[in-house]
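Listed below are the residues making up each chain.
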Number of protein chains: 2
Amino acid sequence: MTIPKDIDTPEIMVDLDILQRNIDRMASAVRAKGLNLRPHAKTHKIPEIAARQMAAGASGLTVATIGEAEVFAAAGVEDIFIAYPLWLSPQKADRLLRLSRTARIAVGVDSAEGATVLGVTLGNGAGNVAVLVEVDSGHHRSGVRPEAVAPVAEAAARAGLKVTGVFTFPGHSYAPGMPAEAARQEQQALDQASEVLTAAGFHVTCRSGGSTPTVMLTENSVATEVRPGVHVFGDAQQLELDRCAAEDIALTVAATVVSHHETAADGPARFIIDAGSKILGSDRPAWASGFGRLMDHPDARIAALSEHHATVEWPGQGAVPAVGDRLRVIPNHVCLAMNLVDDVAVTSQGELVDRWTVAARGKNR
Amino acid sequence: MTIPKDIDTPEIMVDLDILQRNIDRMASAVRAKGLNLRPHAKTHKIPEIAARQMAAGASGLTVATIGEAEVFAAAGVEDIFIAYPLWLSPQKADRLLRLSRTARIAVGVDSAEGATVLGVTLGNGAGNVAVLVEVDSGHHRSGVRPEAVAPVAEAAARAGLKVTGVFTFPGHSYAPGMPAEAARQEQQALDQASEVLTAAGFHVTCRSGGSTPTVMLTENSVATEVRPGVHVFGDAQQLELDRCAAEDIALTVAATVVSHHETAADGPARFIIDAGSKILGSDRPAWASGFGRLMDHPDARIAALSEHHATVEWPGQGAVPAVGDRLRVIPNHVCLAMNLVDDVAVTSQGELVDRWTVAARGKNR
């Protein structure tokens, strides 16, 4: 694909046709499994994309912050899960109460202290906020061990909150060879946590799991819903983990070659493009081949990244792009790239057809 | 310092008194060396900070993009250097021409092709834009070898541009033990490039160098100006490179402990704070001790980072912060953190005294 002439670089481009196909494909695959789909909107942060996800049958949205929830509730989404162990400051309490009057809101908890503060701070409004206890299924970030969910749920119930179930994020699936094992651990953790909660007298209606790498391995025997995010766009991480193909990638960064680096006699040709960490993001897991990929040049590598420069190492074969040539870059982690721009260029069949505002960009609180 | 009650987390806080001291200290140190100071505004992106830098005697500002230049020109800065080898698309040409009518503008070039397109595209307006040839002093990013500057300058002159000198960015100074050697290479490169350009018949009036790690090592025998950026705030990289002390750090991220991770019998205590890569940035050089530091707990380490979670490993001694406690985080790379927020909380003597808009945030083009 040639980058449309009316797009200057660096700029994020979203291919509308691939985006819609990704949304539809995930919706039908999850429906076929008998699971609810609650896509994570932190990936796209765009109401127009959320509307397409809801139209395709999503049961609601997942977000990471109250600020994101506010944006999507204002855009008409009526069922939102804030999948984060919120510590409710007075400012957050006011906002969460207001939010819970306009949409059905659930939030995460993973400590008795956090649950107590949440319920007590919400006061009379606590009954309008459902809580899910976060379980650590092996990622070892937030969440409690499956066998330790009951005290958290009990603290929440004592504080006037309605406990509806458990959730987990199998983030350790983001490594080569890990998705299957992470999905197995995720199932086991949800299963065990749900049993513990039921034994403690809770009525568990929601068991929420799923990340883009594991969602297709999630079974409805233990989970009731899944929360993939990245699948709407795909990115270089998913590509290198073999969780998507290049033709499934809906988001690229249009970039221009701005400088040619002198090539060492025995080294690869190197050049600089104008997409740096301030538009690609600088996530680079140890197993990644570089700081992103070039869409039409799978053998090229982004060997170094600074704020406005990416250094591309060019494979031996093929003519090296000239200064002024334009290329499409696949970011490593699309959730970070999207959070760096105010709007995106929407393309279809190689034409610029729309611009969407990244309405929830920067909503960190 | 306690985080002011009216600040919710996560949020960037700028300490006004330390900021002003950093600005003044750099201004007088550079003045004492007989050099001009042209601070890099990509670090802060805030007109109020630029105004303080100009008031302290800066000769102008450095920026990385036309978009940043537009913001600071609109705020009244009259002399701006875009230290980047711009490839002038039609869109950028229009904007650069408009800009050059409101401020004195210089831009970087590092290829004959780029210089030709720049001059030809600007047409009659080329005479209003000065150019500096970028020299690679060892960072091996953009820039040509010092001995190769003449053809680039000659192409620029042929295209109607006024060549005023050379510039370099010794980015390889950002590693332990490197600042002195990088500064030496920087001086040598500027010196040689300047001689080559003079021998080719150019009148070299500007030799521009300097990064925060090397600026104090830059001599006026070869450079005429320096372009440090990070010094206004400091960050964890500068701290770990010994280029600033903890009491010089003017920017921290207010964060809350949201989760306690179960501690392995033989491991350090671990907890989660609500400042992740979407507010800290995810730059982590190989030599860094982690993804940032805690201001009041120098022995703690940020061992892992995701979008809204940072995992802190706590040293053996001292009470582990409780869920709900608030901490100040020093980002690894402050230029990325600032680019993630719409505004910052300005504090003085532990009180919230102002809010500044990050007016040039996201201006990647």
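Coordinates for the structure precede this section.
The structure displayed is predicted, hence computed values, not measured ones.

Peer 1: Help me out: how do you make sense of the packing of helix α1 (residues 16-32) of chain A against helix α2 (residues 47-55) of chain A in this one?
Peer 2: The description of two helices packed together rests on the angle between their axes and the distance between the axes. Residues and elements named next belong to chain A. Remark: α1 packs on α2, axes separated minimally by 10 Å, with the N-to-C direction vectors making an angle of 40°. With respect to each other, α1 and α2 are oriented oblique. Of the two possible hands of crossing, α1 and α2 adopt the one that is right-handed. Contacts between α1 and α2 involve L16, L19, Q20 and I23 on the former and, on the latter, I49, R52 and Q53. A class-by-class count of the residues in the contact of α1 with α2 yields four nonpolar, two polar and one charged.

Peer 1: I'm lost on the packing of aromatic side chains in this one. Help?
Peer 2: The geometry of an aromatic ring pair is captured by two quantities: the separation of the ring centres and the angle between the planes. All names here are of chain B. With the rule as written, the count across this model stands at four aromatic pairs over all chains. Residues F271 and W314 carry aromatic rings whose centres are separated by 5.7 Å and whose planes lie at 50° to one another, so their mutual orientation is tilted. One end of the pair, F271, is in strand β11 (residues 269-273); the other, W314, is in strand β14 (residues 310-314), with 43 residues separating them in the sequence. Of the two residues, F271 and W314, neither departs from the other in class, the shared state being buried. One cation-aromatic arrangement involves R284 over F291; the distance from NZ or CZ to the ring centre is 5.3 Å.

Peer 1: Mind showing me how you'd approach the sheet that holds strand β4 (residues 79-85) of chain B here?
Peer 2: Backbone-to-backbone hydrogen bonds join strands into a sheet, with any given pair of strands oriented parallel or antiparallel. Residue and element names in this part refer to chain B. Spatially, eight strands are ordered β2-β9-β8-β7-β6-β5-β4-β3 in an open sheet, and the strand pairing comes out parallel. At either margin of the open sheet sits one strand with a lone partner, and together these are β2 (36-37) and β3 (61-63). As defined by bridge partners, strand β6 (residues 129-135) adjoins strand β7 (residues 162-168) across six bridges and the pair is classed as parallel. Within β7, the residue paired with V131 across the bridge is V163. Packing against the sheet, helix α4 (residues 90-100) makes contact with β4, β5 (104-109) and β6, and its axis sits at approximately 140° to β5.

Peer 1: I would appreciate a short explanation of the environment of Y174 of chain A in the present structure.
Peer 2: Residues and elements named next belong to chain A. Assignment of secondary structure puts Y174 in the loop between β7 (162-168) and α7 (179-199). In this structure the C-alpha to C-alpha distance between Y174 and D17, which are 157 residues apart in sequence, comes to 26 Å. For Y174, the residues in contact, after removing those within four places along its chain, are F169, S211, T212, P213, V230, Q237, Q238, L241 and W287. Here Q238 takes part through its side chain, which lies 3.4 Å from a polar atom of the side chain of Y174.

Peer 1: Even after reading the chapter, I still don't get the side chain of H44 of chain A, so can you show me in this structure?
Peer 2: Residues and elements named next belong to chain A. Inspection of the secondary structure puts H44 in the loop between β2 (36-37) and α2. We classify H44 as buried; its relative accessible area is 0%. In this structure H44 touches I49, A50, Q53, F72, V232, F233, M338 and V358, once residues within four positions along its chain are discounted.

Peer 1: Quick question: what am I supposed to make of the sheet that holds strand β8 (residues 206-209) of chain A here?
Peer 2: All names here are of chain A. Pairing is parallel in the open sheet, where eight strands are placed in the order β2-β9-β8-β7-β6-β5-β4-β3. Lying at the two open borders of the sheet, with one neighbouring strand each, are β2 and β3 (61-63). Note: β7 against β8, three bridges, orientation parallel. The partner of V166 across the bridge, within β8, is R207. Together, β3 and β4 (79-85) form the strand contacts of helix α3 (residues 66-74), whose direction differs from that of β4 by roughly 175°.

Peer 1: Looking at this model, I keep getting lost on the interface of chain B and chain A. Mind explaining?
Peer 2: A common measure of how large an interface is: the accessible area buried when the components associate. Between chain B and chain A, the contact holds 59 residues from the first and 59 residues from the second. Counting each side, the surface lost to burial between chain B and chain A is near 5,000 Å², with a carbon and sulfur contribution of 44%. Our enumeration of links across chain B and chain A arrives at eight salt bridges. Between R361 of chain B and D342 of chain A there is a salt bridge; the shortest N-O distance is 2.7 Å. Applying the counting rule to chain B against chain A returns 32 residue pairs in polar contact (both at pLDDT 80 or more). Counting only elements with at least two residues in the side of chain B that touches chain A, the list comes to β4, α4, β10 (251-261), β11, α9 (277-280) and α10 (334-338) of chain B. The leading source of residues in the side of chain B that touches chain A is β10 of chain B, at four residues. Partitioned by chemical class, the residues of the side of chain B that touches chain A number 14 nonpolar, 22 polar and 23 charged.

Peer 1: Hey, could you run me through the packing of helix α5 (residues 112-122) of chain B against helix α6 (residues 149-158) of chain B in this one?
Peer 2: Residue and element names in this part refer to chain B. Two elements in contact, α5 and α6, have axes whose closest approach is 8 Å; the angle formed by their N-to-C orientations is 15°. Taken together, the axes of α5 and α6 are roughly parallel relative to one another. The handedness of the crossing between α5 and α6 is right-handed. Packed against α5, whose contacting residues are A112, A115 and T116, the element α6 presents P151, V152, A155 and A156 at the interface. For the contact of α5 with α6, the per-class residue count stands at six nonpolar, one polar and no charged.

Peer 1: Please clarify how the state of the cysteines should be interpreted in this entry.
Peer 2: Here a disulfide denotes one covalent bond, and it connects the sulfur atoms of two cysteines. Residue and element names in this part refer to chain A. If you walk through the whole model with that rule in mind, you get zero disulfides over all chains. C244 takes part in no disulfide bond, and the closest cysteine sulfur to it belongs to C335, at a distance of 13 Å. Classification of C244 as buried rests on a relative accessible area of 15%. Judged by relative accessible area, C335 falls into the buried class, the value being 0%.

Peer 1: I tried to follow the pattern of salt bridges on my own but got confused; where do I start?
Peer 2: Between side chains of opposite charge, a pair can form when the charged atoms approach closely. As enumerated under the stated definition, the model contains 38 salt bridges over all chains in all. Via salt bridges that share partners, E11, D343 and R355 of chain A together with R365 of chain B belong to a single interconnected network.

Peer 1: It is not clear to me how the relation of the copies chain B and chain A should be interpreted in this structure. Could you clarify?
Peer 2: Both copies of the chain are tied together by a single rotation about an axis and a shift running along it. Note on the copies: chain B fits chain A at an RMSD of 0.0 Å, the axial shift is 0.0 Å, and the rotation between them is 180°. Each copy turns onto its partner about a two-fold axis. The C-alpha atom lying nearest the rotation axis in chain B is that of S282 of chain B; the distance is 2.8 Å. Mapped onto chain A, 100% of the interface residues of chain B again fall at the interface, so both copies present the same surface.

Peer 1: Hey, could you run me through the pairing of strand β15 (residues 326-331) of chain A in this one?
Peer 2: Residue and element names in this part refer to chain A. Most of β15 is tucked away: five of the six residues are buried. Two strands pair when backbone bridges link them, and strand β10 (residues 251-261) and β15 are joined in this way by four bridges, in the antiparallel orientation. Bridge assignment links A255 to a residue of β15, and that residue is L327.

Peer 1: Help me out: how do you make sense of α3 of chain A in this one?
Peer 2: Every α-helix carries 3.6 residues per turn, so stepping three or four residues along brings you back to the same face. Residue and element names in this part refer to chain A. Among the nine residues of α3, seven are classified as buried, and the element is accordingly described as predominantly covered. Along α3, the positions that sit buried rather than exposed are I66, G67, E68, A69, V71, F72 and A73. Check the buried side of α3 and you find it contacts α2, β3, β4 and α4 (90-100). Phi turns positive one or two residues past the end of α3, at G76, with a value near 105°.

Reading the values: the criteria
Residues numbered from 1 in each chain as written. Chains lettered and ligands numbered in written order. Predicted model: local features only at pLDDT ≥ 70, side-chain atom pairs only at ≥ 80, totals over all residues. Heavy atoms only, no water. Axes fitted to C-alpha atoms, helices over the stretch in contact; angles between N-to-C directions. Helix = DSSP H or I, 4+ residues; strand = E, 2+ residues; numbered from the N terminus. Parallel < 35°, antiparallel > 145°, perpendicular 65-115°, else oblique. Left-handed = near helix turned anticlockwise from the far one by under 90°. Contact = heavy atoms within 4.5 Å. Nonpolar A, V, L, I, M, F, W, Y, C, P; charged D, E, K, R; others polar. Phe/Tyr/Trp six-rings, centres within 6.5 Å; stacked < 30°, edge-to-face > 60°. Buried < 20%, exposed > 50% of the residue type's maximum accessible area, 1.4 Å probe, protein only. Lys NZ or Arg CZ within 6 Å of the ring centre and 35° of its normal. Pairing = 2+ DSSP bridges. Polar contact = N/O pair within 3.5 Å; in protein donor to acceptor, adjacent residues only side chain to side chain. Buried area = accessible area lost by both parts, 1.4 Å probe. Salt bridge = Lys/Arg side-chain N within 4 Å of Asp/Glu carboxyl O. Disulfide = S-S within 2.5 Å. Least-squares fit on C-alpha atoms with pLDDT ≥ 70 in both.

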